[in-house]
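Each chain is listed here by its residues.
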Amino acid sequence: VQLQASGGGLVQAGGSLRLSCAASGRTFSTYNMGWFRQAPGKEREFVAGINWRGGSTYYTDSVKGRFTISRDNAKNTVYLQMNSLKPEDTAIYYCAAGRGAGAQAYEYNFWGQGTQVTVSS
């Protein structure tokens, strides 16, 4: 599976962005998908995940109620809708695919190249 993330940009605090991650290959619908982020000088952290059918989603506490992960298996795409953005959300955001279903990076086998999100105060 090859992943291509897009949709990042510069936004003011309180604004919104929607990230997309397009996948190649016929097996996309069989993978659990996740979004991670990495801020400068910090380790990569889990943001949100969704199971292969889209029926189960999970989030890190800091984004609950603000971010929504979804997927469209017909389009081989997973999304991350980010609302009420805060400066601390500034990071490079990565999408990932894996057979596991969790918040650990090692559970994901395939990674996109990342898209920069910058939130100004």
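It should be emphasised that the depicted structure is a prediction, and the values quoted were computed from it without experimental measurement.

What counts and what doesn't
- Residues numbered from 1 in each chain as written.
- Predicted model: local features only at pLDDT ≥ 70, side-chain atom pairs only at ≥ 80, totals over all residues.
- Heavy atoms only, no water.
- Phe/Tyr/Trp six-rings, centres within 6.5 Å; stacked < 30°, edge-to-face > 60°.
- Helix = DSSP H or I, 4+ residues; strand = E, 2+ residues; numbered from the N terminus.
- Buried < 20%, exposed > 50% of the residue type's maximum accessible area, 1.4 Å probe, protein only.
- Lys NZ or Arg CZ within 6 Å of the ring centre and 35° of its normal.

S.K.: I'd like to hear about the packing of aromatic side chains, residue by residue, with values.
M.R.: Counted under the stated rule, the structure contains six aromatic pairs. Centre to centre, the rings of F36 and W111 are 5.0 Å apart; their planes meet at 55 degrees, and the pair counts as tilted. Of this pair, F36 sits in strand β4 (residues 32-38) while W111 sits in strand β10 (residues 110-111); the two residues are 75 residues apart in sequence, bridging distant segments of the chain. We classify F36 as buried; its relative accessible area is 1%. Overall, W111 belongs to the partly exposed group, its relative accessible area being 28%. Summarising the aromatic geometry, the rings of Y108 and W111 are spaced 6.3 Å apart at their centres and angled 65 degrees between planes, so their arrangement reads as edge-to-face. Its relative accessible area of 4% is what places Y108 among the buried residues. Over the ring of W111 we find R44, and its NZ or CZ is 4.8 Å from the ring centre. The ring centre of Y31 lies 3.8 Å from the NZ or CZ of R99, which sits over that ring.

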